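# Structural characterization, general
Okay, here's what each chain looks like letter by letter:
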Amino acid sequence: MDDFNAELLSRLPLAEAVLLTLSHVAQPSFLEDLYERNRGRTYQKVLSFPVLVHLITDALVQHKGSGRQSFTRADEQERMPVTDSAAYRKLSRLPLPLSEAFLAETTDRLSQLNCTKPTTSIPASLRAMTLVPLDGKKIKNVAKRIKPLRGLPGSVLGAKVLVGLRLDTGEAIAFHADPDGEANDCPLVRGLLPQIRSRTPGPRLFIADRQFCGTDQLDLFAAEGDHYLVRRTTTARFTADPERPSREGVDTRGRRYVEAWGELGTGIKRRYVRQITLERPGEETITLVTDLLDGEMFPASDLLDAYLMRWQIERVFQQITEVFALQSLIGGTPEAVVFQCALCLLLYNVLQTVRGLLADIKEYEPEKISTEQVFNDTRRELVSLATLGDTEMITEHVGAPATPEQIRARLVDLLSKTWSARWLKAGAKKKSPPRDHAKKSGAHTSVSRAQKAYNEAKKEKRNPNGRSK
């Protein structure tokens, strides 16, 4: 690398740190192998999977989710091997299992760097377990470019994903997708848990909202020696055990709770559980059920604190939507939006690694540093690097072969040279009382259902009598 590009790179440590991390987790040889193992009936010809990943990453990081900007600039730099429309078509056909494997296996490679500082906020009685909150996300606001979507009222849902978050590191470790954006979350549990179990040490404590309170889901959570902490739905009947009296206490915030033991459900679907009911003045009461029956080993206050940490997965969804441009969908098919979601989650994990190292260097808790503010400055540096530097030369230099230990040492060296007080989060504000919002009108559907209805209408139009010609 020449002197100018070396000097430019030395002045942009955040940009180099992110490029170095991405070059490790998404090496071309690794992506080629990943694609071959999960490509289904798709194939590579002129536009390879590693190049497509690089183009979509540029769109999300540098161009706020604009695929056209990324493709056009790549073409100007002679890095675009096909037309824009060919790239969009390639993106639209990526199989869902490929996107799932992409997030899971790149996160595995990211964990080799061991850069994410574990949080200390997990209650002491639960630290022997891996805490994994689960939640589903609808990917919304698909552009109505393809024929089946034209003329439909309201917004269109691209797909549904169920994501698992590792609470001690804050990383999104895996997801399972359904092309139907209106699909229920519960059937996705069966496809997600094996991915999580193969990538996290057991036992695990799965934390989920009330929609996952069905017997089938609880049994899946409790398999292989794992446990669950789930909010109880109002339709699930709880019958207290008359031989085990309930007891009261206060949580770490001084609020009253009642814990009881008994059977959840009826008939063959009943399960013996421990129920914890927390009263929240001015807010809805929370009722949890768990198979951690020992109230002395696992205090109710610790379980309540663990459940209230579930909000972190909602925070992940907010950040990948607003910060990493998931609200600006590049493609219009379920396959395209699921892959963009996987890439957004990977970028979130990479920033968690950078944030964890900054926290370690500056001796802050990771939660005190704003991922959004760090990413804003990272984007500015990456844009400057792409504008002024030789992209090909810099990429080749940053992506030179190195061991995980060498990469970590380089990351520590880079991030030791940069810091801004703007990256610290502002103090917590007083929570506003809940308000009732007026219901908004407007229909919505999913891309998958719209395509199915469109194809059926075409078939009926060709053959109105239902007879083959």
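The structure displayed is predicted, hence computed values, not measured ones.

### Re the packing of aromatic side chains
Scanning the model with the defined rule gives ten aromatic pairs in all. A ring pair is formed by Trp 419 and Trp 423, whose centres lie 5.5 Å apart and whose planes are at 80 degrees; its orientation type is edge-to-face. Here Trp 419 falls in the partly exposed class, since its relative accessible area comes to 28%. On the basis of relative accessibility, which here comes to 2%, the residue Trp 423 falls in the buried class. An aromatic cluster is built from Tyr 35, Phe 49, Phe 102 and Phe 339, whose rings are joined through pairwise contacts. A cation over a ring is seen here: Arg 109 above Phe 30, with NZ or CZ 4.5 Å from the ring centre.

### Digging into helix α2 (residues 13–25)
For α2, built from 13 residues, the straight-helix expectation of 18 Å at 1.5 Å per residue is met to within 8% by its first-to-last C-alpha distance of 19 Å. Counting buried positions along α2 gives eleven out of 13 residues, so the element sits mostly inside the fold. Of all the positions in α2, only Pro 13, Leu 14, Ala 15, Glu 16, Ala 17, Val 18, Leu 20, Thr 21, Leu 22, His 24 and Val 25 are classed as buried.

### Overview of unusual backbone geometry
Between Gly 202 and the following residue, Pro 203, the backbone shows a cis peptide bond with an omega angle of -5 degrees. Here the phi dihedral of Lys 64 falls at roughly 55 degrees; this positive angle occurs in a residue that is not glycine. Within the secondary structure, Lys 64 sits in the loop between α4 (49–62) and α5 (67–76). The class for Lys 64 is exposed, based on a relative accessible area of 57%. Of note in this structure, Glu 78 is not a glycine but carries a positive phi near 60 degrees. Take Glu 78: it is sitting in the loop between α5 and α6 (84–92). A relative accessible area of 77% places Glu 78 in the exposed class.

### Section: the packing of helix α3 (residues 28–38) against α4
Relative orientation of the contacting elements α3 and α4 amounts to 110 degrees, with a least axis distance of 8 Å. In terms of orientation, α3 and α4 fall into the roughly perpendicular class. Of the residues in α4, those touching α3 at Pro 28, Leu 31, Glu 32, Leu 34 and Tyr 35 are Phe 49, Pro 50 and Val 53. For the contact of α3 with α4, the per-class residue count stands at seven nonpolar, no polar and one charged.

### What about a positive patch on the surface?
A cluster of basic side chains, namely Lys 147, Arg 150, Lys 458, Lys 459 and Arg 462, defines a positive patch on the protein surface. When you line up the elements, Lys 458 lands in helix α16 (residues 447–462). The exposure class assigned to Lys 458 is partly exposed, which follows from its relative accessible area of 39%.

The rules behind these values
- Residues numbered from 1 in each chain as written.
- Predicted model: local features only at pLDDT ≥ 70, side-chain atom pairs only at ≥ 80, totals over all residues.
- Heavy atoms only, no water.
- Phe/Tyr/Trp six-rings, centres within 6.5 Å; stacked < 30°, edge-to-face > 60°.
- Buried < 20%, exposed > 50% of the residue type's maximum accessible area, 1.4 Å probe, protein only.
- Lys NZ or Arg CZ within 6 Å of the ring centre and 35° of its normal.
- Helix = DSSP H or I, 4+ residues; strand = E, 2+ residues; numbered from the N terminus.
- Expected span 1.5 Å × (residues − 1).
- Axes fitted to C-alpha atoms, helices over the stretch in contact; angles between N-to-C directions.
- Parallel < 35°, antiparallel > 145°, perpendicular 65-115°, else oblique.
- Contact = heavy atoms within 4.5 Å.
- Nonpolar A, V, L, I, M, F, W, Y, C, P; charged D, E, K, R; others polar.
- Patch = residues over 30% accessible without salt bridge, like charges linked within 9 Å, V, L, I, M, F, W, Y side chains within 5 Å.
- Areas by Shrake-Rupley, 256 points an atom, 1.4 Å probe, with all protein chains shown as cover.
- Salt bridge = Lys/Arg side-chain N within 4 Å of Asp/Glu carboxyl O.
- Lys, Arg positive; Asp, Glu negative; His and termini not counted.
- Charge placed at Lys NZ, Arg CZ, Asp CG, Glu CD.

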